[in-house]
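Chain and residue survey
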Amino acid sequence: MISLTSPLEIWAHRVPAGAKLLALSVLTVLLFRLDPAGLALAFLAVACLYLTGGLAFAGQGARHLRLLWPFLLLVALWHGVTGQFQAGAAIALRLLTMLALANFVTMTTRLTDMIVVLTWLLAPLRRLGLSTCAVELAIAMVLRFTPMLVENGQRLAMSWRARSRRRPNWRIVMPMAALALDDADHVAEALRARGGILPPAKGGIDGT
Amino acid sequence: MERDMTRIALFAALIAALGLIPSLTLAFGVPITAQSMGVMLAGAILGAKRGALAVLLFMALVALGLPLLAGGRGGLGAFVAPTSGFFLGWPVAAFVIGLIVERLRSGPLAVTVALASIIGGIVVMYAFGIVGMSIALKKTLAECAVLVTAFIPGDIIKAVLTGLITQALARSRPAALLSRQ
């Protein structure tokens, strides 16, 4: 499956993922403390951050912000009518800066690096005696099975079209869910046949 | 243990798949994305705890940078957009739906699930969504509530469909309905 990591590699790809995520969390909280002038500066700073990756990279980043336009339009209309232009500009700038920052981290961090951070974040659970390999296996399973379930859906839609002149509708969701549950049972049996998902207990014989 | 884990993983994959297939069209031509129906189904079929875990697993994959949300969106941006409140409310919605289906055992299954989906998938989820919007857009809760009312009819339809789908699934795979076991 294709992740949202940008194929254009820039310097930020080499920064450790944990550092980027920490910086993102701190900066996102700080954005709520800034006045309109500060927000304008922050927005410019983020724009420059994108431009350090080149114009093509910045263009990619800008395209990811398109989903904000209904909200920007709404803010513009609202504050245009009420006349609170400065407050409106602050809201719009914060929306753009916050989303752009988060997207920057996603665009410059590979899936494998993100999974390393997730594993590190789950470490306290391991110390409590909980197994986190189930989480890691589950992530791999979702990656593997999503394209398969999409294919199931497409096949069901195709066979629906072969039988009916009407468009396939919500009725294909039921067989999709049923097939997913069948697959889950098959995979569970296969996992159990291979020794299960839990690591063998220390000193235990059957590993359960 | 294995079975619970694979069902949680497969349901997370189902939520993703429902966002990737083209939006379904209802009888009267209104296109809806089926993804939030996946959240309702996770709660209704897997039950409160497993349903919420399936949704959390799906959200973790979105956070890792996979474009699994309807329309090919994803990444950390999904957590800071004006509509992120709805997204953050998903696991709670699935939990509440599962809890109601587990506890309320009288009456036809389709009606119970539809009712649970309206409470969890609309009341609970919109509460999160409205608070999120009010933080992002600096508007009062009432003003944000007005903005999202347009989406309620579509979600009521999804809740009813969730009831019908769960009932059909309970008939074809009686053992699969973990929320009633």
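Below is a summary of the structure that appears in this document.

**Here we look at the overall build of chain A**
Per the secondary structure count, chain A includes eight helices and zero strands. Relative to its length of 208 residues, chain A is extended, with a C-alpha radius of gyration of 24 Å against a globular reference of 17 Å. Viewed in the frame of its principal axes, chain A has a C-alpha envelope of about 70 × 60 × 35 Å. Considering only residue pairs separated by 6 or more positions, chain A has 70% of its internal contacts joining residues 24 or more positions apart.

**Comments concerning the overall build of chain B**
A count of helices and strands for chain B gives seven helices and two strands. Shown N-terminal to C-terminal, the secondary structure of chain B runs as helices and strands in the order α-β-β-α-α-α-α-α-α. Compactness check: chain B gives a C-alpha radius of gyration of 16 Å against a globular reference of 16 Å for 181 residues, within 12% of the reference. C-alpha atoms of chain B, sized along the principal axes, occupy 45 × 35 × 30 Å.

**A closer look at the interface of chain B and chain A**
Taken together, the contact between chain B and chain A spans 51 residues of the former and 53 residues of the latter. Elements represented by at least two residues in the side of chain B that touches chain A include exactly α1 (2-20), β1 (24-25), α2 (35-46), α3 (48-63), α5 (109-137) and α7 (152-172) of chain B. In terms of residue count, α1(B) provides more of the side of chain B that touches chain A than any other element does, 16 residues in total. In the side of chain B that touches chain A, the residues fall into 38 nonpolar, seven polar and six charged.

**Re helix α8 (residues 173-193) of chain A**
Here α8(A) spans 30 Å end to end across 21 residues, near enough to the 30 Å set by a 1.5 Å rise per residue. Taken together, the buried positions of α8(A) are occupied by A:V173, A:M174, A:M176, A:A177, A:A180, A:L181, A:D183, A:A184, A:V187 and A:A188. Buried residues along α8(A) sit against α7 (133-163) of chain A together with α1, α2 and α7 of chain B. Phi for A:G195, located one or two positions after α8(A), is positive at around 105 degrees.

**Quick look at the packing of helix α1 (residues 17-31) of chain A against helix α5 (residues 85-107) of chain A**
Residue and element names in this part refer to chain A. Between α1 and α5, whose axes approach to 10 Å, the crossing angle comes to 175 degrees. Judged by the angle between their axes, α1 and α5 are roughly antiparallel. In this structure, α1 contributes K20, L21, L24, L27, T28 and L31 to the contact, and α5 contributes R94, T97, M98, L101, A102 and V105. Along the lines of polarity and charge, the residues of the contact of α1 with α5 split into eight nonpolar, two polar and two charged.

**Brief notes about helix α4 (residues 69-82) of chain A**
An ideal rise of 1.5 Å per residue puts 20 Å on 14 residues; α4(A) measures up with 20 Å between its terminal C-alpha atoms. Phi for A:G83, located one or two positions after α4(A), is positive at around 80 degrees.

**Notes on the packing of helix α3 (residues 55-64) of chain A against α5(A)**
Residue and element names in this part refer to chain A. For the pair α3 and α5, the least separation of the axes is 10 Å and the interaxial angle reads 125 degrees. The angle between α3 and α5 falls in the class oblique. Along this stretch, α3 crosses α5, giving a crossing that reads as right-handed. When α3 is examined against α5, the residues Q60, G61 and H64 are found in contact with a partner set consisting of A100, N103, F104 and M107. Grouping the amino acids of the contact of α3 with α5 by side-chain chemistry returns three nonpolar, four polar and no charged.

**Observations regarding the nonpolar core**
Formed by 115 residues in total, the largest nonpolar core has its most connected members in A:V142, A:A177, B:A9, B:A12, B:A13, B:L14 and B:F58. Here this core gets 14 residues from one element, more than from any other, and that element is α5(A). When residues of this core are assigned to domains, at least three fall in each of domain 1 (11-113) and domain 2 (131-193) of chain A.

About the criteria used
- Residues numbered from 1 in each chain as written.
- Chains lettered and ligands numbered in written order.
- Predicted model: local features only at pLDDT ≥ 70, side-chain atom pairs only at ≥ 80, totals over all residues.
- Helix = DSSP H or I, 4+ residues; strand = E, 2+ residues; numbered from the N terminus.
- Rg over C-alpha atoms; globule rule 2.2 N^0.38 Å.
- Contact = placed C-beta atoms within 7 Å.
- Nonpolar A, V, L, I, M, F, W, Y, C, P; charged D, E, K, R; others polar.
- Expected span 1.5 Å × (residues − 1).
- Buried ≥ 20, exposed ≤ 12 C-beta atoms within 10 Å, placed from the backbone.
- Axes fitted to C-alpha atoms, helices over the stretch in contact; angles between N-to-C directions.
- Parallel < 35°, antiparallel > 145°, perpendicular 65-115°, else oblique.
- Left-handed = near helix turned anticlockwise from the far one by under 90°.
- Core = buried A, V, L, I, M, F, W, Y, C linked by C-beta atoms within 7 Å.
- Domains from an automatic or database assignment.

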